[in-house]
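Fold and geometry: a report
The primary structure of each chain is shown beneath.
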Amino acid sequence: TKDMYRNLLASSTYRKQKDLPFVPLMRVLVRAGVTPSPAIVLNVLQNEFPYSDPKNCRHLIQTLLQLQENIIDDQQDYIVDMGTLEHLLAIASRKGDSRLMMEVWEYIDAVRNA
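Note that the structure is predicted; figures quoted are calculated from it, not measured. (Residues numbered from 1 in each chain as written. Predicted model: local features only at pLDDT ≥ 70, side-chain atom pairs only at ≥ 80, totals over all residues. Heavy atoms only, no water.)

Concerning the overall build of the protein chain
Of the regular secondary structure elements, the protein chain holds six helices and zero strands. Listing the helices and strands of the protein chain from first to last along the sequence gives α-α-α-α-α-α. In the protein chain, which comprises 114 residues, the proportion classed as buried is 41%. Of all intrachain contacts in the protein chain linking residues separated by at least 6 positions in sequence, the fraction that spans at least 24 positions is 67%. Total accessible area on the protein chain stands at roughly 6700 Å², and carbon and sulfur atoms take up 52% of it. (Helix = DSSP H or I, 4+ residues; strand = E, 2+ residues; numbered from the N terminus. Buried < 20%, exposed > 50% of the residue type's maximum accessible area, 1.4 Å probe, protein only. Contact = heavy atoms within 4.5 Å. Areas by Shrake-Rupley, 256 points an atom, 1.4 Å probe, with all protein chains shown as cover.)

Spelled out as structure tokens, the structure:
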């Protein structure tokens, strides 16, 4: 069943976001022990653009942080490009969402220290 959920997450597209909430689904799956590949996770992240929902953004960053912290030596990192992180910080700043800002900085620290 884990493969079925990975395949479901892999089908994430921007247009399907209204049909299936990929971010909450990914968050629940990761908490349940499913480890999607970095490509799948980053695809879900990209499909959230323009990142207009701060709650979804926080959940994405929290999930990325959890995955990054649980990396086994032979796995790839869940690295988000700096432009996307800057964009998330700008949105958080515009909306006054200090929690999102802190989550992004916590993620940056985790990746830098990995």
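Here's the deal with the packing of helix H3 (residues 38-47) against helix H4 (residues 54-69)
It is the contact of H3 with H4, at a shortest axis distance of 11 Å, that shows an interaxial angle of 165°. Judged on the interaxial angle alone, H4 and H3 are roughly antiparallel. The chirality of how H3 crosses H4 is left-handed. Counting all contacts with H3, which are made through Val41, Val44 and Leu45, the residues of H4 involved are Leu60, Leu64 and Leu67. Broken down by class, the residue content of the contact of H3 with H4 amounts to six nonpolar, no polar and no charged. (Axes fitted to C-alpha atoms, helices over the stretch in contact; angles between N-to-C directions. Parallel < 35°, antiparallel > 145°, perpendicular 65-115°, else oblique. Left-handed = near helix turned anticlockwise from the far one by under 90°. Nonpolar A, V, L, I, M, F, W, Y, C, P; charged D, E, K, R; others polar.)

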